[in-house]
Every structure is written in structure tokens, then in C-alpha cells.
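Read off the chains here:
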Amino acid sequence: MSGVPKASFRYFTGTGNSKRIAEVCASVFEAGGWSAEIAAIPEGGPPAEDSSAACLVFPVYSLDLPRIVRRYLEALPPATGAIGSRPRQALLLATGGNEDDCGWSLVEGVGLLAARGWDAAYADLVRMPNNWGPFMRVPGASEAAAILAAGEAKAKESAEAFLAGRRYAKPLSLPVFGPLGSRLMRAGFKLGVKRLWRKFRADGKCTSCGLCARSCPTSSIAMAGGRPRWSATCEQCMRCFNLCPSRAIAQLEAIGKGSRRERYVEPHFKP
Ligand SMILES: Cc1cc2nc3c(=O)[nH]c(=O)nc-3n(C[C@H](O)[C@H](O)[C@H](O)COP(=O)(O)O)c2cc1C
Ligand code: SF4
Ligand code: SF4
């Protein structure tokens, strides 16, 4: 395998969008003669030392990086120099449920990588179906399929552009309610992520199957008396909410009406 450039893909995902985008990009790299390894954050650890490219894919959470991804980036060991004649570069893709609301996530992701010595050559947003059911509209199956197809096409283009040596850094992009509202939204979620786990409930439709506990990416759910019990390491990724076969999980129902909304899981995703 000597001479074959290597890429390390790392993703965090709640409902599979970011994993899918990592896989789509990895297949572009492989078609271009690279070897690619893919692993989840944090289990996968830092990009392999002999990888020329680090590719990071994560969901936007309230206009920001997910807390777990921020911690991962802050803890990355400093990038070593070039591998052979090839500079070590990073491709950063945020998946978001809205067309253009990635907020600070990419700008700060690029900054954190730069602080660790990585040249984040390409950073962009890929729109994917929204999974934040308790608070936002989740698309139904046919709408989701169209968004997925467009998202995968955009991911391919981004990977091809990165491999062709093009550079791009998506600037700060905020929703229509502007800078003040956006700052409040971001700050509110920063506090909220520490507390919102307390607001999950499983109602009488729960069959005690334990799927939510088994599939949580941060092991934040324990079964107690046949019902899920959430804990503070929860990242609000919405996997439990969306995956529950009985649609038994709700959060802040009085405000969000989430249990009456659609559920969404990326069709290839098998947690
Ligand atoms: C807590 C939370 C906050 C979110 N905030 C945003 C947001 O600010 N902007 C946006 O475009 N999408 C937002 N979304 C939607 C997700 O970013 C989007 O659906 C993403 O593709 C999910 O990726 P995953 O399947 O890899 O978890 C949010 C989702 C969650 C669960
Ligand atoms: S996945 Fe749903 S039905 Fe199964 S234990 Fe969790 S809440 Fe109950
Ligand atoms: S408890 Fe649910 S929302 Fe929280 S990290 Fe686990 S699966 Fe995600």
C-alpha cells in the first residue's frame, strides 16, 4: 500500500446523516486512489498519524459545533508536518437541517483545527433532513429523500473540490432572526445541553425494549424499572427520540409538541 495517500474520516452522528456524508466522501477519495478509514467520534480517536487528510463531519447544533465535537477538536494532538510531498489538510463538513444556518460551527471548527496545526482547506455546510423533532419541523419520507439526494451530491462535490486542491471556508451564516437572536439561541443551547436530558420522558407506549439505551452514542441512557433513564452526558443528538419504535419518547412536550412530529433516521443508518 506504500505510496497510496491515506485519509482519516471522523464523524459524530445522532441519526446517521453525518455518517452517511462521511461515507459518501470516503468513496470519492477511494475512487481517486486514496485509502480511507472511517470511525466515530470519540471512539475513533485522532486522525491516523500517517493520514494526509483528516475529514470531519458533524451535525450543526443550535448554530454551533456539538459539545462532543468541540471537545474532540480541542483535544487533538498537534498535526505533524507533511506526509511525503503532500501537506496535511482537513476537509470539514457540517450537516444541518436548514439551507444556510450553520452559524459559528464551521468558522470555529476551522479555527480549532488551525490551532492544532491542521490546514482546514475546505469547510462547507451540507443540508440534510432535520432531526430535531422536539423543536423543529422534521420532513416526511418523500421530502427527506429529495433532501438526502441533494445532500449526497453536495458532499461528493465538496470531496472532489478538496481533492482537486480547491480551497473554501464557508463564512459565518446566521438565520433570519439576525446576530442578537442567533447569539441567544447558541448561548441558550450551550446551557440547555447540560440540562435538557432531564426533560426526556418515555410515555405509556414504551415497551421496555431497551433499544434507546443500547444505541445511545454516549451511553447516557440506563434502563431502570423497564423505562429509560437519561443522564448528563447526553449530547441532545436525538437518536433515542427518533429511533424509538413506539414513538414513546418526548421532550418538553408542552412547548415543542415533538411527539406529534415525524421521526427521522437516515435510511442506511444501523446504529
Ligand atoms: C439539538 C439540535 C440542534 C440543531 N440545530 C440546528 C441548527 O442550528 N441549524 C441547522 O441547520 N440544523 C440544526 N439541527 C439539525 C441537524 O443539524 C441536522 O438534522 C443534522 O444533519 C443531523 O445530523 P446527524 O443525523 O448526523 O445527527 C439541529 C439538530 C439538533 C438535534
Ligand atoms: S426505545 Fe422506546 S420503547 Fe424501547 S425502551 Fe426506549 S423508550 Fe421504551
Ligand atoms: S440520550 Fe438520546 S439524545 Fe442524548 S445522546 Fe443519547 S441518544 Fe442522543
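Residues numbered from 1 in each chain as written. Chains lettered and ligands numbered in written order. Predicted model: local features only at pLDDT ≥ 70, side-chain atom pairs only at ≥ 80, totals over all residues. Heavy atoms only, no water.

K.L.:
It is not clear to me how the domain arrangement of the chain should be interpreted in this structure. Could you clarify?
P.N.:
Many descriptions give the size of an interface as the accessible area lost when the pieces come together. Once the domains are mapped, the chain shows domain 1 (6-169) and domain 2 (197-260). Just the C-alpha atoms count here: the centres of domain 1 and domain 2 sit 27 Å apart. On the side of domain 2, 17 residues touch domain 1, which itself brings 13 residues to the contact. Across the interface of domain 1 and domain 2, roughly 1200 Å² is buried in total on both sides, 55% from carbon and sulfur atoms. One can count one salt bridge joining domain 1 with domain 2. (Domains from an automatic or database assignment. Contact = heavy atoms within 4.5 Å. Buried area = accessible area lost by both parts, 1.4 Å probe. Salt bridge = Lys/Arg side-chain N within 4 Å of Asp/Glu carboxyl O.)

K.L.:
Just checking my understanding: could you explain the site of ligand 3 for this structure?
P.N.:
Lining the immediate surroundings of ligand 3 are 13 residues, of which Cys216, Trp230, Cys234, Cys237 and Cys240 lie closest. In the shell around ligand 3, the residues fall into nine nonpolar, two polar and two charged. (Near = heavy atom within 4 Å. Nonpolar A, V, L, I, M, F, W, Y, C, P; charged D, E, K, R; others polar.)

K.L.:
Before we go on, may I ask you to explain the sheet that holds strand β2 (residues 35-40) in this structure?
P.N.:
Picture the strands of a sheet paired through backbone hydrogen bonds; they go either parallel or antiparallel. Overall, parallel pairing links the six strands, which are arranged β2-β1-β3-β4-β5-β6 in an open sheet. The two strands at the open ends of the sheet, each matched to only one other strand, are β2 and β6 (168-169). The sheet contacts of helix α3 (residues 105-115) involve β3 (53-59), β4 (89-96) and β5 (119-127), and relative to β4 the element is tilted by about 155°. (Pairing = 2+ DSSP bridges. Helix = DSSP H or I, 4+ residues; strand = E, 2+ residues; numbered from the N terminus. Axes fitted to C-alpha atoms, helices over the stretch in contact; angles between N-to-C directions.)

K.L.:
Is there a simple way to explain the pairing of strand β9 (residues 227-230) in this structure?
P.N.:
Within a regular strand, the side chains alternate between the two sheet faces. Every second residue of β9 is oriented toward a common face, the buried set being Pro228 and Trp230 and the non-buried set Arg227 and Arg229. Where strand β8 (residues 221-224) lies against β9, four bridges are found, and the strand directions are antiparallel. Along β9, the bridge assignment pairs Met223 with Pro228. The loop that links β8 with its antiparallel partner β9 comprises two residues; one of these, Gly225, has a positive phi angle of about 60°. (Buried < 20%, exposed > 50% of the residue type's maximum accessible area, 1.4 Å probe, protein only.)

K.L.:
Could you clarify how one ought to interpret the environment of Cys216 in this entry?
P.N.:
Tracing the chain through its elements places Cys216 in the loop between α6 (211-215) and β8. On the basis of relative accessible area, Cys216 is assigned to the buried category, the value being 15%. It is 8.5 Å that separates the C-alpha atoms of Cys216 and Pro271, two residues lying 55 residues apart in sequence. If near-sequence neighbours (up to four positions away) are discounted, Cys216 is found in contact with Ile221 and Arg239.

K.L.:
What exactly am I supposed to notice about the nonpolar core here?
P.N.:
Side chains that are nonpolar tend, in soluble globular proteins, to be buried together. Membership of the largest hydrophobic core comes to 45 residues, with the highest contact counts inside it found for Leu73, Leu106, Leu113 and Ile249. Only β3, α2 (67-74), β4, α3, β5, α6 and α7 (239-243) provide two or more residues apiece to this core. Per element, the largest residue contribution to this core is four residues, and it comes from α2. Structurally, this core is a two-domain feature, drawing no fewer than three residues from each of domain 1 (6-169) and domain 2 (197-260). Formed by 28 residues, the second largest nonpolar core is a distinct cluster that contains Phe29, Trp34, Leu91 and Ala161. (Core = buried A, V, L, I, M, F, W, Y, C linked by side-chain atoms within 4.5 Å.)

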